[in-house]
Amino acid sequence: ETGVTQSPTHLIKTRGQQVTLRCSSQSGHNTVSWYQQALGQGPQFIFQYYREEENGRGNFPPRFSGLQFPNYSSELNVNALELDDSALYLCASSWGGSGELFFGEGSRLTVL
Amino acid sequence: GDSVTQMEGPVTLSEEAFLTINCTYTATGYPSLFWYVQYPGEGLQLLLKATKADDKGSNKGFEATYRKETTSFHLEKGSVQVSDSAVYFCAPFSGGYNKLIFGAGTRLAVHP
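Residues numbered from 1 in each chain as written. Chains lettered and ligands numbered in written order. Predicted model: local features only at pLDDT ≥ 70, side-chain atom pairs only at ≥ 80, totals over all residues. Heavy atoms only, no water.

Colleague: Would you mind going over the overall build of chain B with me for this structure?
Modeller: Within chain B one finds zero helices and 11 strands. Relative to the globule expectation of 13 Å for 112 residues, the C-alpha radius of gyration of chain B, 13 Å, shows essentially globular dimensions. Along the three orthogonal principal directions, the C-alpha set of chain B runs to about 40 × 30 × 20 Å. Look at the contacts in chain B between residues 6 or more apart in sequence, and 55% of them connect residues 24 or more apart. Carbon and sulfur atoms form 49% of the exposed surface of chain B, whose accessible area is close to 5,300 Å². (Helix = DSSP H or I, 4+ residues; strand = E, 2+ residues; numbered from the N terminus. Rg over C-alpha atoms; globule rule 2.2 N^0.38 Å. Contact = heavy atoms within 4.5 Å. Areas by Shrake-Rupley, 256 points an atom, 1.4 Å probe, with all protein chains shown as cover.)

Colleague: Would you mind showing me how to read the packing of aromatic side chains here?
Modeller: Working definition: an aromatic ring pair is given by the centre-to-centre distance plus the angle between the planes. Considering all chains together, one arrives at 12 aromatic pairs over all chains under this definition. Seen in terms of ring centroids, A:Y35 and B:F102 are 5.8 Å apart; in terms of plane orientation they differ by 75°. Their pairing is edge-to-face. Here A:Y35 is found in strand 4 (residues 31–37), whereas its partner B:F102 is found in the loop between strand 10 (86–93) and strand 11 (106–111) on a different chain. Of the two residues examined, A:Y35 and B:F102, each falls in the buried class. Three or more aromatic residues joined by ring pairs make a cluster, and in this case those are A:Y35, A:F45, A:F103, B:F34, B:Y36, B:F89, B:F93 and B:F102. (Phe/Tyr/Trp six-rings, centres within 6.5 Å; stacked < 30°, edge-to-face > 60°. Buried < 20%, exposed > 50% of the residue type's maximum accessible area, 1.4 Å probe, protein only.)

Colleague: I tried to follow the sheet that holds strand 7 (residues 56–59) of chain B on my own but got confused; where do I start?
Modeller: Adjacent strands of a sheet pair through backbone hydrogen bonds, lying either parallel or antiparallel. Residue and element names in this part refer to chain B. In space, the four strands of this open sheet follow the order 3-9-8-7, with antiparallel pairing throughout. The strands lining the two open edges of the sheet, one partner per strand, are strand 3 (19–21) and strand 7. Across the sheet, the axes of successive neighbouring strands diverge by a mean angle of 20°, strand direction being ignored. Two elements, strand 7 and strand 8 (residues 62–65), share four bridges in a ladder whose sense is antiparallel. Residue pairing for strand 8: S58 is matched across the bridge by E63. (Pairing = 2+ DSSP bridges. Axes fitted to C-alpha atoms, helices over the stretch in contact; angles between N-to-C directions.)

Colleague: I tried to follow the state of the cysteines on my own but got confused; where do I start?
Modeller: Working definition of a disulfide: a covalent bond connecting the sulfur atoms of two cysteines. Considering all chains together, one arrives at two disulfides over all chains under this definition. Each disulfide pairs two cysteine sulfurs, and for A:C23 the partner residue is A:C91, the sulfurs being separated by 1.8 Å. Across the S-S bond of A:C23 and A:C91 the torsion is about -65°, and the bridge reads as left-handed. In this pair, A:C23 sits in strand 3 (residues 19–24) while A:C91 sits in strand 9 (residues 87–94), placing the two residues 68 residues apart along the sequence. In this model, B:C23 is linked to B:C90 through a disulfide, with the two sulfur atoms separated by 2.0 Å. (Disulfide = S-S within 2.5 Å.)

Colleague: What is the right way to look at the layout of surface pockets in this model?
Modeller: Using a probe with the size of a water molecule, rolled over the atoms, empty space left in the structure can be pinpointed. By volume, the largest pocket amounts to about 530 Å³. Every residue lining the largest pocket is counted, 25 residues in all, and those nearest its centre are A:Q37, A:L88, A:R108, B:Q38 and B:E42. Elements with a minimum of two residues in the lining of the largest pocket: strand 1 (5–7) of chain A together with strand 10 and strand 11 of chain B. Residue composition of the lining of the largest pocket, grouped by class: nine nonpolar, 12 polar and four charged. A volume near 160 Å³ is recorded for the second largest pocket. In terms of residue class, the lining of the second largest pocket is made up of six nonpolar, three polar and one charged. (1 Å grid on protein atoms, 1.4 Å probe; cavity = no way out; pocket = protein on both sides within 12 Å on 5 of 7 lines; lining within 4 Å. Points joined across faces, edges and corners; volume = space filled by probe spheres on them. Nonpolar A, V, L, I, M, F, W, Y, C, P; charged D, E, K, R; others polar.)

As structure tokens, this is what we get:
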């Protein structure tokens, strides 16, 4: 059974740039959620994708967007990067909305 | 909306000591309750869960009991090991999409 994998693991961008983060969900899972974890903080919910559509969103601006593909993998896109976007971005997959999430190891984004 | 309060860390213990990490929550209705753990450099892992009042979740020697009357879900372990060193997150889940509410977490450091 393949777990949740994310890429890239680390990346550095400058303010105003755009970034795309990728996630492959665990085999058999149909739902992908994205979380942002700032240093020393708990993860904050960004949004969730189910059947290729966003079906839940946290308190994040529209410049945070995503996609889910037919194989249930997902992308997180962030436009017009700001310094405060520096964080660990976690992808989590699940079967439906049970709250039982399987997390990847995250993509650490640094915005300079 | 849902919220969670955990005891501040770091919690520093010697190996084989007894562990308690306090967690209280506020939520609409009767949420499921989760403990997730984050080992250094990794994503979060589900440690245990409870879905209704008086349920006890347990895993890897850790236990937590869903106390509706005190809105608490304290994590306990009778004898901690160095390998338990990690950050622990309590999270209520009120259903719908996978929007877990995480607090700042409690860092546990266990010394030989």
